[in-house]
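As a plain string of letters, each chain reads:
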Amino acid sequence: MKIVHLLWGLSTGGIENMLVDIINEQIDGNDIALVVVNDMVDPNILKKLDSRIRVHFCKRQRKSRNPLPLLKLNYFLRKENPDLIHVHYDGLAKFVAGRWPKVRTIHNTTNSLEESKYFKACYAISKAVQEEWAQGGHNETILVENGLACDRINANRSNLFDDGKLHFVQVSRLFVEQKGQDILLKALAEIKTANLCEIDFKMHFIGDGSDKDLLQKMTAELGLNDVVVFEGNKPRDWVYENLCNFDLFVQPSRYEGFGLTVAEAMVAKVPVLSSDIEGPLEIMTPKDNSAQLLGYTFQSENPLDLARKIADFVKNGRDDALINKACQHVLDNYHVKKTAARYLEEYVKVTGSCQSN
């Protein structure tokens, strides 16, 4: 099958990293191309692509009204003449001039419900996303759960830190509207002010984004410069090798369709503390719906509750039995090979239906 994946950009992010993993799996037995519309490309991600995958760059500037990049987009699509186009972001489908069958992955609970008219099929990355679209009247949305390259994630701790402190981590874009790093900073300030933890700790933010300056200013204003470390972007190979060395993974997001980094931390055998929102909760819930979550949660948008939960973790320490169970849960249910195969099954249904019409 000849497939084109269509993205706005290929910069550092959960969607982009996971897509690379998926299409690297799909290339065996298929003809795969990737079209990147905006001039936003991280070379570290680009070099992870299988050499057999063709990549086309339209080099559009964000929010530009210049029609040339969109003409390039359709030129590349005509050149590829795919059996199917797989779209991964809002706002792209309307620029495709041809009549190729198009499908869409809905990556977040905030994606536009109005665009389903462009697609032969829409895929939800989690039950949380599927249920939201069902509430909007789109009951036909198909569940294809996210997956990750579990075998590339190291779970054997090394001597990355030897200062006797606990080291907490958050891995994501610095974008408070979704990722909630401001909530975490307020929680850390409460811990420090109220002396909730007797053990010294460091909080590491791995990633970059539009709110970096805001968060650095907030860190200084809250008196957290001695506690918080902004690591900037790290290659995913570094993250997969070293994530296991952190003592606690904190995910304070306001919304998440899935929570890929939560799953990555679970595979790395790092305890996870997340806001109690749908995506991460789904990952941390055993498939048999048993009562015990495979991680810890705090009330979303509540920095005081987050501070208390971090303090409780420091007091009680690691629960290795829970951590091992969480790791096995992700290995069993969220491997990228399973995700890639499910997409291919669904593509066949779409292309077969189009040929019969």
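Keep in mind that what you see is a predicted model, and the values were worked out from it rather than measured.

> Before we go on, may I ask you to explain helix H3 (residues 68-80) in this structure?
Three- or four-residue spacings in an α-helix give side chains the same orientation, since the helix completes a turn every 3.6 residues. Between the first and last C-alpha of H3 there are 18 Å, a value that for 13 residues agrees with the 18 Å anticipated at 1.5 Å per step. Among all positions of H3, only Pro69, Leu70, Leu73, Asn74, Phe76, Leu77 and Glu80 are buried. Each buried residue of H3 lies within a common arc of 155° when the element is viewed along its axis, so the set occupies one face. Away from its buried face, by an angle of more than 90 degrees, H3 presents the exposed residues Leu71, Arg78 and Lys79. Residues of H3 that are buried sit in contact with strand E1 (2-7), strand E2 (31-38), strand E3 (54-60) and strand E4 (84-87). Phi for asparagine 81, located one or two positions after H3, is positive at around 45°.

> Any chance you could explain helix H12 (residues 320-333) here in plain terms?
In this model, H12 (14 residues) spans 20 Å end to end at C-alpha, consistent with the 20 Å of a helix rising 1.5 Å per residue. Every buried residue of H12 is listed here: Leu322, Ile323, Ala326, Cys327, His329, Val330 and Asn333. One side of H12 holds all its buried residues, which, seen down the axis, span an arc of 160°. Exposed residues lying more than 90 degrees from the buried face of H12 are Ala321 and Asp332.

> Explain the sheet that holds strand E8 (residues 166-171) to me, please; I cannot follow it from the model alone.
Whenever strands of a sheet pair, they do so through backbone hydrogen bonds, lying parallel or antiparallel. Strand order in this open sheet of 6 strands is E10-E9-E8-E11-E12-E13, and the pairing throughout is parallel. Single-partner strands in this sheet number two, and they are strand E10 (228-232) and strand E13 (296-298). Strand after strand, the sheet turns through a mean of 25° between neighbouring axes, direction not considered. For E8 and strand E9 (residues 201-206), the ladder comprises 6 bridges, and the chain directions are parallel. Following the sheet pairing, valine 171 is matched in E9 by isoleucine 206.

> Would you mind showing me how to read the packing of aromatic side chains here?
Each pair of aromatic rings is reported with the distance of its centres and the angle of its planes. This model, assessed by the stated rule, comprises 10 aromatic pairs. Plain terms: the ring middles of tryptophan 8 and phenylalanine 95 are 6.2 Å apart, the flat faces sit at 75° to each other, and that makes the pair edge-to-face. Taken together, the residues tryptophan 8 in the loop between E1 and helix H1 (14-26) and phenylalanine 95 in the loop between E4 and strand E5 (102-106) connect sequence positions 87 residues apart. Its relative accessible area of 17% is what places tryptophan 8 among the buried residues. Aromatic ring contacts, followed pair by pair, group Tyr123, Tyr343 and Tyr347 into a single cluster. The ring of tryptophan 238 has lysine 234 lying over it, and the distance from NZ or CZ to the ring centre is 4.8 Å.

Parameters and conventions
Residues numbered from 1 in each chain as written. Predicted model: local features only at pLDDT ≥ 70, side-chain atom pairs only at ≥ 80, totals over all residues. Heavy atoms only, no water. Helix = DSSP H or I, 4+ residues; strand = E, 2+ residues; numbered from the N terminus. Expected span 1.5 Å × (residues − 1). Buried < 20%, exposed > 50% of the residue type's maximum accessible area, 1.4 Å probe, protein only. Arc of directions from axis to C-beta. Contact = heavy atoms within 4.5 Å. Pairing = 2+ DSSP bridges. Axes fitted to C-alpha atoms, helices over the stretch in contact; angles between N-to-C directions. Phe/Tyr/Trp six-rings, centres within 6.5 Å; stacked < 30°, edge-to-face > 60°. Lys NZ or Arg CZ within 6 Å of the ring centre and 35° of its normal.

Limitation: the analysis is restricted to geometry and does not speak to function.
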